[in-house]
Amino acid sequence: MRDLPVVLKRRVHLWFMTFLIVMGAPFFPCPAIGDENDNLQELLNNAESSINIERLIESLDVLKKNKILLNEADVDELRQLPWLNSTDVQAILRYRREKGQIRSMQVLQTIIGKEKMASIAPFIRYKKEQPARKTATPKAVEVDGSFYSRMFRETTARKGILNGKYAGENVKLYHRAELSVPHVSVSLVQEKDIGEPDIADFTSLSINISDLGLLKSAVLGNYKLNFAQGLLMGQGRYFSKGTDPSGSVRLSSKRLLPSGSSSEFGFLQGAATTLKLDPFEVTAFYSANHLDAVINDAGVITSFGTSGYHRTDLEISRKDNVTETISGANLLYNYQVGLLSGRAGGSVLRYSYPYPFDALEPGAALSSISSGTLYSVETDLSVSQVTLFAETAFSEHPDGVSWIAGAECQFSRALSAVVARRCYGVNYFSPFAGAFAERGDGASNENGYYLGVNAKLHDRLTFGGYYDLFTFPVLGSHCQYPSDGNDIRLFMNWKQSPWLAWNIQLQHKYKEEQKNQGSSSVALWSALPLVTNRVQLDCDVTLFERLRLRTRGEVKEVVKKYLAGDQSFYGKLLYQQVGYTLGNYGVKGRFTVFDTSDYDAAIYAYEDDLPLTSSLGIYDGRGKSLFLLATWQVMKQMKLGARFETTWYDDRVVYSSGNDERATNAPGSFHLGCLLSF
């Protein structure tokens, strides 16, 4: 690991002294009372920029409404909770086998610890609802439902709207309706983006039936699948590296779940079912999903559209112009022999498109391929405090193989670790993969060794860290040779008092990318090393139960090692956030100052938004930003929310480019929402 440059050390020291000055004033101590939003934000603050925040928030919202029955949940159901690692899950299952049901939070706390117990409390229940006694008058069927609507508008319209290139208006609409009765739930989502003319440009319908005898789950409409570690099929991975050093390697999601997301890519459309035939579990599925694709004059698919935008005539012409057809099954065998428990199984999947692929990845020669078959085998074995896991996947057309294997170990309540080895073949290809990786999630063209550790040295002091050593067998289409890199990150959380907590992150990464270091007329493609050093410091203060403060400082250095010499770029950010709640009212605001000299030095920060959505702020350039968020619980069945945000740039006169250009250096937006439930 390279030493931090002197200038970076000075900047870190300056930020630290600033925090001591700003936050060091005397406060009145009071107990810090957390909630699930705070616990979720702790996860998101450590996440990589590629995180699908909205998908995670929506999944947790579903769990909040349909709480996990702790004393009957299996491994997949428990692993939906992102705060639990495999050791926690096995500890819960082992307690149930040896001592019976978990009947209270106090008992659960002795199994997984106080903090994790508090994190998962809103999403679990301990007892199954007892059926009502028979009476002369039959009891009405319990019906739960909700309707959620959001409207988003930018303060300055985009160029495409003003010049007519975009067919729609300067407004984004989102509507979501849900209805559930025992064992059955229905979800309908509609959304249109800014500039789209169709008020229902995207519509998603899911009907889910669950827990009816042998039928564990069945979905008609839009759904997602997750098998093993996501090499063959992984549509529910929320985090990659960085969220939890010892818990982010494995894919944590149910094998089959309905899709209630507004994302227009990364789901299946058709029908799927999971049957529980103890000790076996069988999942079968079929999908005929319409996708946006770019098709060249030769009739070859060169890329798929993942943005979901249908604003211009060209984008509209590509809407749903390709049908992706897949079918397959997954078989799982569960076993328990004394202290040894586990599962083993396999999957097969066949997919096809009406046109052949162009080469989508280096080494993946798909120019004459329009269909393929995927196979995988998986295993998961737990004994005492150790869990072993592995998956190997095979692809035909092209022929390739990828695998990952690892071990999780809970040495004590205070120390846990995970070690993993991944080997993703250059020619392996799965359009549905969601693998743990440094570059992308397609489980292709990457090898690596990963070690992550979490250590609780004291009730108030926690350390964590990971080291990832990775190799790309083929750096890129212009650089057909291997490239090595490494990534190390350290975390520390110190709860100095009940009202004051500190969080610090240190990261060093070395990674190469292919770059033309010549000219357009005389190309000179070569590996360009990028060395990144980053320091982030958070200070959380709870003045009273209702008033909370968060201050963050971050500095980042990126060194690009060109053939002509090194070039250094810097980024720095400082924000102050204030949150206040009073009865049914809540307000939160954040003011940020940032300065970055290159896009690679941009800084990412999670931002609160309306219910069921959030933002990942990308701070690039020089300027200041502000967001204000207000919520009002009008009544038990009604909640209102509003958000305003704006950024003032000092280094530009217009924002963005092309049809997305806005003729201002201070772009902003309004976001309004209403949630009704019954």
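Refer to the preceding data block for the structure.
Definitions and limits used
Residues numbered from 1 in each chain as written. Predicted model: local features only at pLDDT ≥ 70, side-chain atom pairs only at ≥ 80, totals over all residues. Heavy atoms only, no water. Patch = residues over 30% accessible without salt bridge, like charges linked within 9 Å, V, L, I, M, F, W, Y side chains within 5 Å. Areas by Shrake-Rupley, 256 points an atom, 1.4 Å probe, with all protein chains shown as cover. Salt bridge = Lys/Arg side-chain N within 4 Å of Asp/Glu carboxyl O. Helix = DSSP H or I, 4+ residues; strand = E, 2+ residues; numbered from the N terminus. Buried < 20%, exposed > 50% of the residue type's maximum accessible area, 1.4 Å probe, protein only. Core = buried A, V, L, I, M, F, W, Y, C linked by side-chain atoms within 4.5 Å. Contact = heavy atoms within 4.5 Å. Pairing = 2+ DSSP bridges.

Quick notes on a nonpolar patch on the surface
Move 1: Judged by side-chain polarity, Leu214, Leu275, Leu277, Phe280, Leu331 and Tyr333 come together as a nonpolar surface patch covering roughly 520 Å² of accessible area.
Move 2: Going through the elements one at a time, strand E9 (268–277) and strand E12 (322–337) are the ones with two or more residues in the nonpolar patch.
Move 3: Here Leu214 is to be found in the loop between strand E6 (202–212) and strand E7 (215–225).
Move 4: With a relative accessible area of 54%, Leu214 lands in the exposed category.

What about the pattern of salt bridges?
Move 1: One pass over the full model with this rule turns up 34 salt bridges.
Move 2: Its salt-bridge partner being Glu191, residue Lys172 comes within 3.7 Å of it at the nearest N-O pair. Of this pair, Lys172 sits in strand E4 (residues 172–181) while Glu191 sits in strand E5 (residues 184–192); the two residues are 19 residues apart in sequence, bridging distant segments of the chain.
Move 3: Using a relative accessible area of 5% as the deciding quantity, one classes Glu191 as buried.
Move 4: Between Arg643 and Asp609 there is a salt bridge whose closest N-O contact spans 3.9 Å. Taken together, the residues span a long stretch of sequence, with Arg643 in strand E29 (residues 638–649) and Asp609 in the loop between strand E26 (603–608) and strand E27 (614–619) at a distance of 34 residues. Take Arg643 and Asp609: they sit in the same class, and that class is buried.
Move 5: Salt bridges linked by common partners bring Glu154, Arg158, Arg311, Glu315, Asp660 and Arg662 together as one network.

Some thoughts on the nonpolar core
Move 1: In this structure, Met233, Leu349 and Tyr351 are the most contacted members of the largest nonpolar core, which totals 39 residues.
Move 2: Looking at this core, the elements with two or more residues in it are E7, E9, strand E10 (280–295), E12, strand E13 (340–352), strand E15 (386–396) and strand E17 (415–424).

Comments concerning the side chain of Ser261
Move 1: Here Ser261 shows up in the loop between strand E8 (256–258) and E9.
Move 2: For Ser261, a relative accessible area of 5% corresponds to the buried category.
Move 3: For Ser261, the residues in contact, after removing those within four places along its chain, are Glu58, Val189, Phe202, Ser204 and Lys224.

Things to note about the pairing of E10
Move 1: As paired elements, E9 and E10 share eight bridges and run antiparallel to each other. Of the residues in E10, the one forming a bridge with Thr274 is Thr283.
Move 2: Turn length for the E9-E10 hairpin, with the two strands adjacent in sequence and antiparallel, is two residues.
Move 3: Examined bridge by bridge, E10 and E12 share twelve bridges and lie antiparallel to one another. Each residue of the ladder has a partner; that of Ala284, found in E12, is Ala329.
Move 4: In this structure, E10 lies alongside strand E11 (residues 301–305), joined through four bridges in antiparallel fashion. Each bridged residue has a counterpart across the sheet, and for Asp292 the counterpart in E11 is Gly305.

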